[in-house]
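Here is how the chains run, residue by residue.
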Amino acid sequence: MPASADFSARVYAVVARIPRGRVTTYGRIARTIGDPRGARMVGWALMGAVGAVDLPAHRVVNRNGELTGGWYFGHPDIMRARLLEEGIPFSDDYTVDLRQCVWDPWEDGDEPPVLDVVSPLGPDG
DNA sequence: GCCTTGACGGCAA
DNA sequence: GTTGCCGCCAAGG
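Residue numbers restart at each chain and count upward from 1, following the sequence in its written direction. Chain labels run from A onward and ligand labels from 1 onward, assigned in the order the entries are written. Only residues with pLDDT of at least 70 are given local features in this predicted model, and only at 80 or more are side-chain atom pairs given and counted; all residues enter the totals for whole chains, interfaces and linings. Only hydrogens and water are set aside; all other atoms, that is, all heavy atoms of the structure, feed into the side-chain values.

(A) Structural view of the nonpolar core. One finds Phe7, Val11, Val15, Ile29, Val42, Leu46 and Val60 to be the most contacted residues of the largest nonpolar core, which totals 16 residues. Elements with a minimum of two residues in this core: helix H1 (3-15), helix H2 (26-32) and helix H3 (39-47). Each helix corresponds to a stretch of at least 4 residues labelled H or I by DSSP, and each strand to a stretch of at least 2 residues labelled E; elements are numbered beginning at the N terminus. Ranked by the residues each element gives to this core, the list is headed by H1, at four residues. Only heavy atoms matter for contacts: two residues are in contact if any of them lie within 4.5 Å across the pair. Filtering out sequence-adjacent residues up to four positions away, Val60 remains in contact with Val15, Ile18, Thr24, Thr25, Tyr26, Ile29, Leu46 and Met79. For this analysis, a nonpolar core means a set of buried residues of the types Ala, Val, Leu, Ile, Met, Phe, Trp, Tyr and Cys, connected via side-chain atoms within 4.5 Å. Throughout, exposure labels follow a simple rule: accessible area from a 1.4 Å probe, protein chains only, divided by the maximum for the residue type, with under 20% read as buried, over 50% as exposed, and the rest as partly exposed. Val61, Phe73, Leu83 and Ile88 belong to the second-largest nonpolar core, a separate cluster that totals 11 residues.

(B) Just the protein's contact with DNA strand C, in detail. Arg37, Arg40, Met41 and Trp44 make up every residue found near DNA strand C. Distance and chemistry together define a polar contact, namely a pair of N or O atoms within 3.5 Å, with one atom able to donate a hydrogen and the other to accept it when in protein, and with adjacent residues in sequence counting only for side-chain atoms on both sides. Here Arg40 contributes a side-chain N or O atom positioned 3.4 Å from a base nitrogen of DNA strand C. Three classes are used: nonpolar for Ala, Val, Leu, Ile, Met, Phe, Trp, Tyr, Cys and Pro, charged for Asp, Glu, Lys and Arg, and polar for all others, with Gly counted as polar. Looking at the surface near DNA strand C residue by residue, the class counts come to two nonpolar, no polar and two charged. We call a residue near a molecule or strand as soon as one heavy atom of that residue lies within 4 Å of the molecule or strand.

(C) Focus on the protein's contact with DNA strand B. Around DNA strand B sit 17 residues in total, of which Tyr26, Leu46, Val50, Arg63 and Tyr72 are the nearest. If you look at DNA strand B and keep only atoms within 4 Å of the protein, 44% of those are sugar or phosphate atoms. Within the backbone of Gly27, a nitrogen or oxygen atom sits 3.0 Å from a phosphate oxygen of DNA strand B. In the model, a base nitrogen of DNA strand B is placed 3.0 Å from a nitrogen or oxygen of the Arg40 side chain. It is H3 that contributes the most residues to the surface near DNA strand B, five residues altogether. A class-by-class count of the residues in the surface near DNA strand B yields nine nonpolar, six polar and two charged.

Structure below.
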């Protein structure tokens, strides 16, 4: 079992927590799972999520709200349509208005949320 | 084994 | 507000 699988599992756990009508960013997800510098890896993990895992991957955008992963849905319009379907506001054709719909995994608390996935190794390995 | 690419982010100019 | 550069780590050639 590659460590990357555990990483992606945590990413999926966070993505699954994204409420309908809200979006979050790669950086926030990375920070949530305890790897602030893993924003790029989050996107990498989500590659296999589209069409493979039943997750709202379309609710994940970059820090600027751009639908950078649109092509992984077949076409950016598909991702955009899914977001519009949930009433997510757009500031541009392929850019969501993060100011209105950004979501923090720990917005309701001062500490990171308890992930659904439990690592037997713990946070320190 | 080395180099390039990639759903990113932070910092400096 | 923009542009440019670096860091990060995994996958593919």
